[in-house]
Amino acid sequence: MHKLKELYRSWSGELPVSVTKLEGAGSNRLYFRMVGGDGRSVIGTVGTSREENHAFIYLAKHFAEQQLPVPRVLTVDDDEMRYIQEDLGGQSLFDAISRGRGKGGCYDREETALLLRTIKKLPAMQFQGVAAIDWSNCYPQPEFDHDGVMFDLNYFKYCFLKATQIDFNELKLEASFRLLAKDLLNEQTEGFLYRDFQARNVMIDDEGNPHFIDFQGGRKGPFYYDLASFLWQASAKYPANLRRRLLRVYHDELSRYVEVPSVHHFVERLSLFVLFRTLQVLGAYGFRGYFERKKHFLDSIPPAINNLRQLIAFNDNRAQHSRRVPFPYPYLMDVLRRLTEAFPVEKKELAGEKADNVPSLVVRIFSFSYKKGIPQDPTGNGGGYVFDCRSTHNPGRYEPYKKLTGLDEPVIRFLEDDGEILEFLQSVYRLADKHVERYIERGFTSLMFCFGCTGGQHRSVYSAQHLAEHIHRKYGVKVLLCHREQGITQTLGE
């Protein structure tokens, strides 16, 4: 403390009038609010690792030069074990949204606006901030790589999984870890990976603007990691509609900096990082909670396990309706399934779902024959669309397809090779997306789409099936699909 006060005096010309120790989080760094005679306050920091301090000091100065919302470093001790930085106030984003979090994820308009403002700033931090950056200053490594991924996965294994006494085969689990690491590293970018982008590391100023702190663990890496870290923060309990809205805002803002993947590819890649981040934080919670006995981390374990349950359900649901699953690691998924079964299910909102008192949108999609009439809306809302597929090329006119449906591969190839149905559906998707998004935002519970053709067998079936899969994949909402004339019903999502 004496050395920190002396550093303050060398910078300001006087000793601080008051020094107040701030509550710490998961690290060993100590923070103090130091107030001078003029009433101005700054934050004094004492670290235990020179390399970690150096990383923060370098990155903070670099990002400030790029006009990014980070605290300015005002002065640094010669050995870089102490430094003084700008005081961004006492309210973190985590504190600012505490009401909604306390209500199980029912965030009001003001809290939602703060979250949207924050996620919109993230791409700038990831890409605007890397101009002329020297990655060698990053700590503990300059890049997201295989060794780092395996370290985090083994951190989960040794600090959490073993502590729960779940039985597993070390060699099989290690093989799954290697496959997951390979998939995570399949797509690298030149962006800045914040590493710990969460609501506790965002400060909100008096005007409601977000400022980013605690980025000393950052390095070069894929942008998906930070998005997964923020949206799937265990204790935040973001409802599904809000999470999707935040994801869309981020996706749109990201396109200003890089070529953005298609939504399908984006969500597939993101899901891998959500799984990885969930395992990584469970490792941290295990170490800080089970071994260091810190209550905050012990309390964070149940919602993180709920996140894991939701990921397993997502994987299982996709396996039922697609040949390709998001997480093709059967042994790892088996271990994780047994792990979640060892923890009681929380009565509160599960990750990825809405709180009990927040209505969920259900989309009903029908295929039908015009000869037998347009399907009735069972909800009585009367909301939605009826699309006429009869303007597109009809495979039912040709003998090889007469006994097949729009679910059969030969009919699918005919329609897609012809191309008219694809152009037709692109227009449908644009219209449907806007409508679904608005219904989610307004909390509506029911929306209906119907596709009609001559016999309700080929074109309408193909169109209804593909819109159902598109909406569920993109927005995660429950879709009730009915091919009326074929007697086929299907539910996508729970």
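Residues numbered from 1 in each chain as written. Predicted model: local features only at pLDDT ≥ 70, side-chain atom pairs only at ≥ 80, totals over all residues. Heavy atoms only, no water.

1. As for the side chain of His470
By the element assignment, His470 lies in helix 15 (residues 459-475). Dropping the residues within four chain positions of it, His470 is found in contact with Tyr429 and Asp433. (Helix = DSSP H or I, 4+ residues; strand = E, 2+ residues; numbered from the N terminus. Contact = heavy atoms within 4.5 Å.)

2. Structural notes on the pattern of salt bridges
One pass over the structure, following the stated rule, counts 26 salt bridges. Among the ionic pairs, Glu80 bridges to Arg50, the shortest N-O distance being 3.0 Å. Placement of Glu80 in the loop between strand 4 (73-76) and strand 5 (82-86) and of Arg50 in helix 2 (residues 50-65) is noted, with a sequence separation of 30 residues between them. The closest approach of N and O atoms between Glu437 and Arg248, which form a salt bridge, is 3.8 Å. Separated by 189 residues along the polypeptide, Glu437 in helix 14 (residues 420-442) and Arg248 in helix 9 (residues 240-254) bring together distant segments of the chain. By relative accessible area, Glu437 is classed as buried at 15%. A relative accessible area of 14% means that Arg248 is categorised as buried. Each of Lys157, Lys162, Glu170 and Glu174 takes part in a single network of salt bridges with overlapping partners. (Salt bridge = Lys/Arg side-chain N within 4 Å of Asp/Glu carboxyl O. Buried < 20%, exposed > 50% of the residue type's maximum accessible area, 1.4 Å probe, protein only.)

3. Here's the deal with the pairing of strand 5
Burial analysis of strand 5 places 4 of its 5 residues in the buried class, which makes it a mostly covered element. Across 5 bridges, the pairing between strand 3 (residues 41-46) and strand 5 is antiparallel. Each residue of the ladder has a partner; that of Val42, found in strand 5, is Glu86. When strand 4 meets strand 5, the two strands line up antiparallel, connected through 3 bridges. Bridging across to strand 5, Thr75 finds its partner in Ile84. As consecutive antiparallel partners, strand 4 and strand 5 are separated by 5 residues, and within that stretch Glu80 has a phi angle of approximately 60 degrees, a positive value. (Pairing = 2+ DSSP bridges.)

4. Some details on unusual backbone geometry
In this structure, the amide linkage connecting Tyr139 to the following residue, Pro140, adopts the cis form with an omega of 5 degrees. Summarising the element assignment, Pro140 is placed in the loop between helix 5 (109-127) and helix 6 (146-161). Residue Ala132 is not a glycine yet carries a positive backbone phi of 60 degrees. Here Ala132 lies in the loop between helix 5 and helix 6. The class of Ala132 is exposed, set by a relative accessible area of 78%.

5. Describing the sheet that holds strand 4
Within the open sheet, the 5 strands sit side by side as 1-2-3-5-4. Their pairing is antiparallel. Of all the strands in the sheet, the pair left with one neighbour each is strand 1 (18-21) and strand 4. Each strand axis lies, on average, 25 degrees off the axis of its neighbour in the sheet, ignoring direction. Sheet contacts for helix 1 (residues 2-12): strand 1, strand 2 (30-35), strand 3, strand 4 and strand 5; angle to strand 5, the most-contacted strand, approximately 55 degrees. Against the sheet, helix 2 makes contact with strand 4 and strand 5, and its axis sits at roughly 140 degrees relative to strand 4, the strand it touches most. (Axes fitted to C-alpha atoms, helices over the stretch in contact; angles between N-to-C directions.)

6. Re a negative patch on the surface
Side chains of Glu409, Glu416, Asp417, Asp418, Glu420 and Glu423 sit close together on the surface and give a patch of like negative charge. Inspection of the secondary structure puts Asp418 in helix 13 (residues 409-418). (Patch = residues over 30% accessible without salt bridge, like charges linked within 9 Å, V, L, I, M, F, W, Y side chains within 5 Å. Areas by Shrake-Rupley, 256 points an atom, 1.4 Å probe, with all protein chains shown as cover. Lys, Arg positive; Asp, Glu negative; His and termini not counted. Charge placed at Lys NZ, Arg CZ, Asp CG, Glu CD.)

7. Thoughts on the packing of aromatic side chains
Summed over all chains, the structure comprises 41 aromatic pairs. Aromatic side chains Phe63 and Phe192 sit 5.0 Å apart centroid to centroid with 75 degrees between the ring planes, which places their arrangement in the edge-to-face category. Here Phe63 is found in helix 2, whereas its partner Phe192 is found in strand 6 (residues 192-193), with 129 residues between them in sequence. You'll find Phe63 and Phe192 in the same group, each marked buried. Note on Trp135 and Phe192: the rings are 6.5 Å apart at their centroids and 15 degrees apart in plane angle, and the pair reads as stacked. Of this pair, Trp135 sits in the loop between helix 5 and helix 6 while Phe192 sits in strand 6; the two residues are 57 residues apart in sequence, bridging distant segments of the chain. Overall, Trp135 belongs to the buried group, its relative accessible area being 15%. (Phe/Tyr/Trp six-rings, centres within 6.5 Å; stacked < 30°, edge-to-face > 60°.)

8. A closer look at the environment of His393
Along the polypeptide, His393 turns up in the loop between strand 11 (384-388) and helix 13. Relative accessible area serves as the criterion here: at 23%, His393 is assigned to the partly exposed category. A C-alpha to C-alpha distance of 7.5 Å links His393 and Leu415, two positions 22 residues apart in sequence. Those residues in contact with His393 that lie beyond four places of it in its chain are Tyr398, Phe414, Leu415, Asp418, Glu420 and Arg459. Reaching out from His393, the side chain makes a polar contact with the side chain of Tyr398 at a distance of 2.9 Å. (Polar contact = N/O pair within 3.5 Å; in protein donor to acceptor, adjacent residues only side chain to side chain.)

9. Quick word on the sheet that holds strand 14 (residues 488-492)
Taking strand neighbours across the sheet as the criterion, the 5 strands line up as 11-12-10-13-14 in an open arrangement whose pairing is mixed. In this open sheet, the two edge strands, each paired with only one partner strand, are strand 11 and strand 14. Ignoring strand direction, the axes of neighbouring strands in this sheet form an average angle of 10 degrees. With 5 bridges joining them, strand 13 (residues 478-483) and strand 14 adopt antiparallel strand pairing. When the sheet's bridge partners are listed, His483 is paired in strand 14 with Ile488. Across the sheet, helix 14 lies against strand 11 and strand 12 (446-453), angled at about 165 degrees from strand 12, the strand it touches most. Strands in contact with helix 15 are strand 10 (362-369), strand 12, strand 13 and strand 14; relative to strand 10, the strand with the most contacts, it is inclined by about 170 degrees.

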